[in-house]
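Chains, contacts and geometry: an overview
Read off the chains here:
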Amino acid sequence: MSTKHKSLTRTVAAGVLLVALAGCTAPTPWVKPYEREHFADPIMSFNRDPISSVYLDHVLESREGSRGATGAVGGGCGCN
Amino acid sequence: MQLSEARRSRAGEGRVLTPFRRTLLALCVIGAPALGGVLPEDRADVMWHNYNGGDITVDGPAVLVQKKVGDSLAFSAGYYEDMISSASIDVKLSASPYHETRKQENVGVEYLHGKTTYAMGYIHSKEPDYIANTTFYSISQDMFGDLTTVTIGYRRAWDQIYRDIKQPNGEIVNDPTFHERADHRGYTLSISQILTRSLIADFNYELLTDQGYLANPYRKIRYLSPGQGQGFTLADQVYPNTRTSNAASLQLKYYLPWHAAVAAQYRFFRDTWGIVGHTVEGDYTATWQHWVFDGMVRWYTQTHADFYSDLYPYANYANFMARDRELASFTDWTVGAGAAYQFHVPGAPWISKSTANVRFDHLFIDYKDFRNALLAGEYGAGNEPLYKLNANIFQIFVSIWF
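Notes on the structure in this doc start here. Keep in mind it's a predicted model, so treat the numbers as computed, not measured.

Further remarks concern the pattern of salt bridges. Taken as a whole, this structure holds 28 salt bridges over all chains when the rule is applied. Between Arg155(B) and Glu206(B) there is a salt bridge whose closest N-O contact spans 2.6 Å. With a gap of 51 residues between them, Arg155(B) in strand 7 (residues 148-166) and Glu206(B) in strand 9 (residues 199-212) connect regions that are remote in the sequence. Connected through salt bridges with shared partners, the residues Arg48(A), Asp49(A), Arg43(B), Asp45(B) and Asp294(B) form a single ionic network.

If you want it as structure tokens, here you go:
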């Protein structure tokens, strides 16, 4: 095995070891709980008024071919 | 009350709190609207909605109630109604204007255990010619110091499709020779991720499969028939009996220092019928005293289904044939604005917060290969102007938290 290959093997092994060790420890939250006050504000919700967003999703989905991945579950209907 | 807690903090009081108290405060209110691990607030909404466009009017009431029982259980129940009056371009071409009502009821329950939330629900929708039953289940898990919430979900739906016919005496009944079924399954994966103190991301993926009768039984295809009538003849649509679709979306929301928020969203869609769709949306939320204002711009485009055609060259041209405009190529824009006013209800101390809300959206659809066949006599079949749809969507609702 050439020196170049040995060096590459060591680098890969070190990388694998590093990833494995990283997996053994829980990641430290980089945004502390006391730093999350903005997310408690209703204006930061993706779905502040469910009754309104479900309705608008229903109106648009009835007229478009795309569906899903909106984060909401709607009932079926023959709404075309 | 979450809003008042947050506002107090923004007003500067948070700066004099000790780190311990700030942590306690944050733990009390953290991420409730956006993340799992917290049950929905006790809340009731009553709405009136109205859609008007393309000679279709749909309006009706909607009610949604969410209530916690103890610390780990929450129930929800809703009612929704569409009162439809339609003389749309499709109806004028191949059916008769009609009025009908669709009623939908839904119930749901969520159970919180540690950092895991289990949810399930049932939705029942009924209209004279369509009955749909949907059940859904999901599990959410908070992880990585509650910066991440992962949700997996499953839903199953069973539809029964009928076709209405008008009796000689004018009575509208289900056609006894037509009764079809369609089954649906859906699988979802959602990841909500706090990225910075002011930025949150929400990823959603959904796989949907359908099997059964997937067409609209009233709509027709048309094929060229020179010298007859307006130059075309109507015939029944023939859809594939299966459809599988994949959709993935990414939303980002950023908190602005002047108590406002800006959001952006992209969704990619593709299905086995050949439809590819892209959705891009931008939202802005601003606050002023007791008011919250929302603005939204949404752009959507899609390619047509492989078996779609506005006008087939002759009868029985292909195994599958459709002219539903939802399967056509088109681009649409939705521009919307809303306002919410927070007010106090005198004499009702059990109501912790209440808002009056209005929202207006305008939808404009520009079809690329769906023509106004009603004008065939004037322009000739296949040469009619492309159809365009303008619709106004109006919502007014009151919400109370208790």
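Now that the structure has been shown, the text picks up again.
At the junction of the two partners, chain A supplies 46 residues and chain B supplies 94 residues. With both chains or domains summed, chain A and chain B bury close to 6100 Å², and 60% of this area falls on carbon and sulfur atoms. Contact with chain B buries area across many residues of chain A, yet Phe46(A), Arg63(A) and Arg67(A) alone supply 14% of it, more than any other trio. Seen at the junction of chain A and chain B, the total is 5 salt bridges. A salt bridge links Glu35(A) to Arg197(B), with the shortest nitrogen-to-oxygen separation between them at 3.9 Å.

For the rest of this paragraph, the subject is the pairing of strand 9 of chain B. All names here are of chain B. With 13 bridges connecting them, strand 8 (residues 172-194) and strand 9 associate as antiparallel partners. Bridge pairing in strand 9 links aspartate 183 to glutamine 211. In this structure, the hairpin formed by strand 8 and strand 9 is closed by a connection of 4 residues. Pairing of strand 9 with strand 12 (residues 242-256) involves 13 bridges; the strand directions are antiparallel. Bridged to leucine 199 within strand 12 is tyrosine 254.

Over its 12 residues, helix 2 (residues 50-61) of chain A runs 16 Å from end to end, which matches the ideal 16 Å to within 8%, given 1.5 Å per residue. The set of residues buried in helix 2 of chain A consists of Pro50(A), Ile51(A), Ser52(A), Tyr55(A), Leu56(A), His58(A), Val59(A) and Leu60(A).

For Ala69(A), which is not glycine, the phi dihedral falls at a positive 60°. With respect to the helices and strands, the residue Ala69(A) is situated in the segment after helix 2. For Ala69(A), a relative accessible area of 2% puts it in the buried group. In this model, His259(B) sits at a positive phi of 55°, which is unusual for a non-glycine residue. Mapped onto the elements of the fold, His259(B) is located in the loop between strand 12 and strand 13 (260-271). Overall, His259(B) belongs to the buried group, its relative accessible area being 10%.

A word on the nonpolar core. Of all hydrophobic cores here, the largest spans 45 residues; its most connected members are Tyr51(B), Tyr239(B), Leu327(B) and Tyr367(B). Residues contacting Tyr239(B), with those up to four places away along its chain left out, are Leu214(B), Ala215(B), Trp273(B), Phe307(B), Phe320(B), Met321(B), Ala322(B), Asp324(B) and Leu327(B).

Here the focus is the packing of aromatic side chains. For the coordinates displayed, the defined rule picks out 19 aromatic pairs over all chains. Measuring from centroid to centroid gives 5.2 Å for Trp273(B) and Phe307(B), while their planes differ by 80°, and the two rings are edge-to-face. Of this pair, Trp273(B) sits in the loop between strand 13 and strand 14 (276-288) while Phe307(B) sits in the loop between strand 15 (291-302) and strand 16 (330-343); the two residues are 34 residues apart in sequence, bridging distant segments of the chain. Each of the two residues, Trp273(B) as well as Phe307(B), counts as buried. Cluster of aromatic residues (ring-pair linked, three or more members): Tyr300(B), Phe330(B), Tyr367(B), Phe370(B) and Tyr387(B). Geometry around Tyr51(B) places Arg63(A) over its ring, the cationic atom sitting 3.9 Å from the centre. When the ring centre of Trp273(B) is taken as reference, the NZ or CZ atom of Arg243(B) above it lies at 4.7 Å.

What counts and what doesn't
Residues numbered from 1 in each chain as written. Chains lettered and ligands numbered in written order. Predicted model: local features only at pLDDT ≥ 70, side-chain atom pairs only at ≥ 80, totals over all residues. Heavy atoms only, no water. Salt bridge = Lys/Arg side-chain N within 4 Å of Asp/Glu carboxyl O. Helix = DSSP H or I, 4+ residues; strand = E, 2+ residues; numbered from the N terminus. Contact = heavy atoms within 4.5 Å. Buried area = accessible area lost by both parts, 1.4 Å probe. Pairing = 2+ DSSP bridges. Expected span 1.5 Å × (residues − 1). Buried < 20%, exposed > 50% of the residue type's maximum accessible area, 1.4 Å probe, protein only. Core = buried A, V, L, I, M, F, W, Y, C linked by side-chain atoms within 4.5 Å. Phe/Tyr/Trp six-rings, centres within 6.5 Å; stacked < 30°, edge-to-face > 60°. Lys NZ or Arg CZ within 6 Å of the ring centre and 35° of its normal.

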